[in-house]
Structure formats: C-alpha cells, structure tokens
Amino acid sequence: IPIIAATTTAGGVRSMTAMYGSLLGLKKLNLLDCISYITGLSGTTWTMIKLYDDAYWSQKDLEGLINEARKQIMKNKLCCLSADRLKYYEKEIWQRHLESHKLSFSDFWGLLLESMFNDKPDPHKLSDQREAVNLGQNPLPIYLALRVREKYSTLDFKDDLLLFLFDFAEWMEFTPYEVGLLKYGAFINTEDFGSEFFMGHLMKKIPESRLCYLLGGLFKPLDLSVKYYAEQGIPFPKVGLTEKDRKHPKECYLFDKSASRQAPILLYFPLVCDTFRKYKAPGVERSPSEMEDGRLDVSSTVFSPYATGMLQYTEKNFNKMVNLTSYNILNNEHLILQALRTAIERKKQLKKENLLPSY
C-alpha cells in the first residue's frame, strides 16, 4: 500500500477556501480515506484546525464543515476590532505573560484570526488533536511554520529565497504528538512546546498554548521544493514546467520520472480555472445561464476577489472557489488513479528487490 500525503500551500482565505473544495473532491472519489498525512501552512492551517475539531471529520459528509466555513468567511471582520474584543485580546495576552510565555505580535494576530473565523474562543490545543488520529481514523495533520533567525526577515532575501531558506531559516513541523526541526532532528512533545529546555532537559514547564497562537506560515513554491530536495540529496521526481505551463498552467500535472525509484510520485494541482469555465461537472456542460458560475479570477492581484489580503468573501465567490477546486480534483481522477497504480507497482518491485527503506 503506498503512503499518500496531501500537501497544501499558503494563500490566506483563498487557500483556506480552496482546501475545502479539494478535500470535497477527494471525498467524492472515495480517496480521502487513503491519505496518511495532510500538511498545511498559513491559510490551509486555518482549515485544518477547524477539521480536527471533529475526531471523525473525514468519515463524515463535509458539507456541514463547508457551510460553517462559508458563514465565517462571509462575516464582516470589523467586529473583531470592537472595544470588547480589544479588551479580550489584552486580557488573553496578559494571561500569557503571567504564564511566562514569550510574547510577540503573532500572539495578537492569532487572536484576531480566531475571532475572524470563529463565533467564540476555541479552547483546543494541538495535543487535543490526538483524539482525531489515535485510531487512524483521519490523516495525521502536520502544521508547518518558518523559524527565522534573529535579525533577519524574508524581506532581506526577496531576491534569493533559496539562500534564505537554506542559511537563515528552518522549517518547523507541528503535529499532535511532537514539535521540532527536521533539519536538526530535534523534537519535543507537543505539550512542552514553549517550555524552557537546557541541554535536552525540561527546566521550566509552561502551559501549552491554544491553537490560535500557532497559526501562521510562509508560502513555499514548487520550484524551491525541487531545488531544496536536490541540494539535500532527497529523492524527488523531475519537475518540468515549460514557459507555456507557467503562463497557462494545466489543472493537474503528474511527475513520476526520477533517477531514483524511491522518489515519490507528485501530483501537482495549481489553482487554475480552465475547463471549469465550460463544464460544471466532468463531462457536463454549462447552460448559457450558468456560464457566469464558471468565471473566476483566481489570481492574487489586488483586483481579484480572491486577493491574498482579502479576509471576507461573498457567498457567491466562496461557492465558486469551493466548486472550482472540487471540480479540478474530480476532472483529473484518471491522473490520480494512474499515480496510485504506478506507486503500487513501484512498491511491489522495490519490495521484490529488497530495496524498500527501513523505518
């Protein structure tokens, strides 16, 4: 059986909404239950936190979760800056100070995000999500964030992000069980994140933070991933995007060519609106009155209703994004199944030759 991971990228509310549609498409194909891991950063972590409130979310109809997300994303966000909310933020941050947490602007940002997409404070902590995975009933969630070394920022390296990622930042992984940096092989129990350690020993226990304080991340483009794996000697398929692909990307790309048979098989779904303009479902053309439902400007420009900084969508735009990303999954079922078949055959061959890595 192949190990399948669904990896997502950042993009604020756009990626948050798009992830719901992609998961809905996988659910309709009866493939959601085949996934072992889901990774998220920035906007998609907001989706994941809502999903894992329910210990059996992937076994249920996703429409209820999508309806709740629609309500929160349509909500006017100015209420999050009311006098009462500001007093609440001050009280929460003061409590964190009393608990000896190191404070930063991200604490305030986390509280704002919580208010934007919830009707009330969420008491859950990351370690609470063990209940959602302890029976293998859902994929293991992996939340990603970028740890930047002191005195540096991403703006210092806007012309060379690869140098920045290699030399001045480290990717951190957060799961319900452990938190750490794969680069150093250093991990601690999730409930101890934020506590003080010395030489690997817990010196001062600090209460585990609520999930809202862990929100955040940074976009990691496909090109940087390819270069990173090559530099680190990690098997990865050859990714060939032509200039035409970059200007007019397809709905899905299958990358399965590599010098190493132990390299993963990559299915890449860029956010594009292509055949969805003409079809409302695979093979089902739109009527003239339905053509408007297939028109989306999915770019991140300030003129798009899905611009990265947009925190509120209309009901129509929310529905369009969910329908688009669900359609793109459904319309490329053949490539998904082809990738699964290739992975199964490759794993059989590696097992036959005793070349599978040991864990």
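Here we summarise the structure given alongside this text.

1. Points about the overall build of the protein
Thinking step 1. Across its full length, the protein holds 10 helices and 12 strands.
Thinking step 2. Within the span of the protein, comprising 359 residues, buried residues form 42% of the whole.

2. Observations concerning the packing of helix α1 (residues 12-28) against helix α9 (residues 315-330)
Thinking step 1. The N-to-C vectors of α1 and α9 enclose an angle of 45 degrees; their axes lie 7 Å apart at closest approach. One element, α1, and the other, α9, form an angle in the oblique class. In the crossing of α1 with α9, the sense of the turn from one axis to the other is right-handed. Touching R14, T17, A18, G21, S22, L24, G25, L26 and K28 of α1 are F318, M321, V322, T325, S326, I329 and L330, all from α9.

3. A closer look at a nonpolar patch on the surface
Thinking step 1. Together, F198, M199 and M203 line one region of the surface with nonpolar side chains, adding up to about 410 Å² of accessible area.
Thinking step 2. Its location among the elements puts F198 in strand β7 (residues 196-198).

4. A word on the pairing of strand β2 (residues 37-40)
Thinking step 1. Across three bridges, strand β1 (residues 5-7) lies against β2 in parallel orientation. Of the residues in β2, the one forming a bridge with T7 is T39.
Thinking step 2. Of the crossover connections in this fold, the one passing from β1 over α1 to the parallel β2 is right-handed.

5. Things to note about the packing of aromatic side chains
Thinking step 1. Across all of its chains, the model carries 10 aromatic pairs by this definition.
Thinking step 2. Following the ring pairs from residue to residue traces out a cluster consisting of Y88, Y89, F105 and F108.
Thinking step 3. Over the face of the ring belonging to Y213 we find R96, whose NZ or CZ atom lies 3.8 Å from the ring centre.
Thinking step 4. Just above the ring of F276 sits the side chain of R286; from NZ or CZ to the centre is 4.4 Å.

6. Some words on empty space enclosed by the protein
Any empty space left between the atoms is revealed when a probe the size of a water molecule rolls over them.
Thinking step 1. Under the definition given, this model contains three cavities of 30 Å³ or more.
Thinking step 2. Of the pockets and cavities examined, the largest cavity occupies roughly 130 Å³.
Thinking step 3. Lining the largest cavity, in full, are M16, W46, I49, K50, L113, E114, F117, N118, D122, L211, C212 and L215.
Thinking step 4. Among the secondary structure elements, those contributing two or more residues to the lining of the largest cavity are α2 (43-51) and α5 (105-116).
Thinking step 5. Take the lining of the largest cavity: its biggest share by element is three residues, from α2.
Thinking step 6. Residue composition of the lining of the largest cavity, grouped by class: eight nonpolar, one polar and three charged.

7. Points about the pattern of salt bridges
Thinking step 1. For the structure on display, the rule yields 13 salt bridges.
Thinking step 2. R96 is the partner of D107 in a salt bridge, and the nearest nitrogen-oxygen pair spans 3.5 Å. Of the two residues, D107 sits in helix α5 while R96 sits in helix α4 (residues 83-98), which places them 11 residues apart along the sequence.
Thinking step 3. The class of D107 is buried, set by a relative accessible area of 4%.
Thinking step 4. With a closest N to O distance of 2.5 Å, R210 and E114 form a salt bridge. Of this pair, R210 sits in the loop between β8 (201-204) and α7 (222-232) while E114 is found in helix α5, placing the two residues 96 residues apart along the sequence.
Thinking step 5. The exposure class of E114 is buried, given its relative accessible area of 4%.

8. What to know about α4
Thinking step 1. The end-to-end C-alpha separation of α4 is 23 Å, in line with the 22 Å expected for 16 residues at 1.5 Å each.
Thinking step 2. Its buried side turned inward, α4 meets α5.
Thinking step 3. Just beyond α4, the residue with positive phi is S100, at close to 75 degrees.

9. Let's talk about the packing of α1 against α2
Thinking step 1. Two elements in contact, α1 and α2, have axes whose closest approach is 6 Å; the angle formed by their N-to-C orientations is 50 degrees. Taken together, α1 and α2 sit at an angle that is classed as oblique. Between α1 and α2 the crossing geometry is right-handed. Contact residues: α1 offers G12, V13, S15, M16, M19, Y20 and L23, while α2 offers G43, T44, W46, T47, M48, K50 and L51.
Thinking step 2. Taken together, the residues of the contact of α1 with α2 break down into eight nonpolar, five polar and one charged.

10. So, the side chain of Q72
Thinking step 1. Tracing the sequence through the fold places Q72 in helix α3 (residues 63-74).
Thinking step 2. Here the side chain of Q72 touches E68 through a polar contact of 2.9 Å, side chain to side chain.
Thinking step 3. A polar contact of 2.9 Å, which involves the side chain of Q72, links it to the side chain of K75.
Thinking step 4. In contact with Q72, other than residues within four places in its own chain, are K77, M116, F117, N118 and D119.

11. Some details on the pairing of strand β5 (residues 178-181)
The side chains of a regular strand alternate between both faces of the sheet.
Thinking step 1. Two elements, β5 and strand β6 (residues 186-189), share four bridges in a ladder whose sense is antiparallel. By the bridge assignment, V179 is partnered in β6 with I188.
Thinking step 2. If you look at the hairpin formed by β5 and β6, you'll find four residues sitting between the two strands, and G185 has a positive phi there, around 65 degrees.

Conventions we followed
- Residues numbered from 1 in each chain as written.
- Predicted model: local features only at pLDDT ≥ 70, side-chain atom pairs only at ≥ 80, totals over all residues.
- Heavy atoms only, no water.
- Helix = DSSP H or I, 4+ residues; strand = E, 2+ residues; numbered from the N terminus.
- Buried < 20%, exposed > 50% of the residue type's maximum accessible area, 1.4 Å probe, protein only.
- Axes fitted to C-alpha atoms, helices over the stretch in contact; angles between N-to-C directions.
- Parallel < 35°, antiparallel > 145°, perpendicular 65-115°, else oblique.
- Left-handed = near helix turned anticlockwise from the far one by under 90°.
- Contact = heavy atoms within 4.5 Å.
- Patch = residues over 30% accessible without salt bridge, like charges linked within 9 Å, V, L, I, M, F, W, Y side chains within 5 Å.
- Areas by Shrake-Rupley, 256 points an atom, 1.4 Å probe, with all protein chains shown as cover.
- Salt bridge = Lys/Arg side-chain N within 4 Å of Asp/Glu carboxyl O.
- Pairing = 2+ DSSP bridges.
- Right-handed = clockwise from strand over helix to strand, strands pointing away.
- Phe/Tyr/Trp six-rings, centres within 6.5 Å; stacked < 30°, edge-to-face > 60°.
- Lys NZ or Arg CZ within 6 Å of the ring centre and 35° of its normal.
- 1 Å grid on protein atoms, 1.4 Å probe; cavity = no way out; pocket = protein on both sides within 12 Å on 5 of 7 lines; lining within 4 Å.
- Points joined across faces, edges and corners; volume = space filled by probe spheres on them.
- Nonpolar A, V, L, I, M, F, W, Y, C, P; charged D, E, K, R; others polar.
- Expected span 1.5 Å × (residues − 1).
- Polar contact = N/O pair within 3.5 Å; in protein donor to acceptor, adjacent residues only side chain to side chain.

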